[in-house]
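Summary of structural features
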Amino acid sequence: HTQNTKLRLEGCLAALTGELNLNALMNFFNPKLSGWESLVEPFQVTATIDQMPNESLYTISSHDHINVNLTGTLLSEIARIEYSSRTRETKVHRVIDNCVPGILL
């Protein structure tokens, strides 16, 4: 989930410069509380691009601390997710109120 997203691009494709600023956060659904909880608290992110004909420079940075909340419920829900590299499928063992428990990006 992002908030306050700003994008600036200048130039042409051969010599492009740009900057993206946004506030990012991440929540997960806690089935024990039947509600959403903060996984990653809001933080400011800046992404820049400087592209010249023979060179490209990409930068992603943040001056904020990234606070991650790892709770027992979250870790328990992550442990319930199965991923098969053979079929590239993710299976979640249960669905509550049409909402898949786990991580929402």
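Placed above this text is the structure.
Residues numbered from 1 in each chain as written. Predicted model: local features only at pLDDT ≥ 70, side-chain atom pairs only at ≥ 80, totals over all residues. Heavy atoms only, no water.

Side note on the nonpolar core
Leu-22, Ala-24, Phe-28, Leu-39, Val-40, Phe-43, Val-45 and Leu-74 form the largest nonpolar core, which has 8 residues in total. When residues of this core are traced back to their parent elements, those giving at least two are strand S2 (15-30) and strand S3 (35-52). Here this core gets 4 residues from one element, more than from any other, and that element is S3. (Core = buried A, V, L, I, M, F, W, Y, C linked by side-chain atoms within 4.5 Å. Buried < 20%, exposed > 50% of the residue type's maximum accessible area, 1.4 Å probe, protein only. Helix = DSSP H or I, 4+ residues; strand = E, 2+ residues; numbered from the N terminus.)

Details of the side chain of Asn-21
Checked against the element boundaries, Asn-21 lands in strand S2. In this structure the side chain of Asn-21 is engaged in a polar contact, spanning 2.8 Å, whose partner is the side chain of Thr-46. (Polar contact = N/O pair within 3.5 Å; in protein donor to acceptor, adjacent residues only side chain to side chain.)

Describing the pairing of S2
Bridge analysis of S2 against S3 gives 14 bridges, and the strand direction is antiparallel. The residue of S3 that forms the bridge with Leu-16 is Gln-51. Adjacent in sequence and paired antiparallel, S2 and S3 are bridged by 4 residues, among which Ser-34 carries a positive phi angle near 50 degrees. (Pairing = 2+ DSSP bridges.)

Examining the side chain of Asn-30
Residue placement: Asn-30 occurs in strand S2. Polar contacts involving the side chain of Asn-30 include one to the side chain of Glu-37, which spans 3.0 Å.

No statement about biological role is implied by the geometric values presented.
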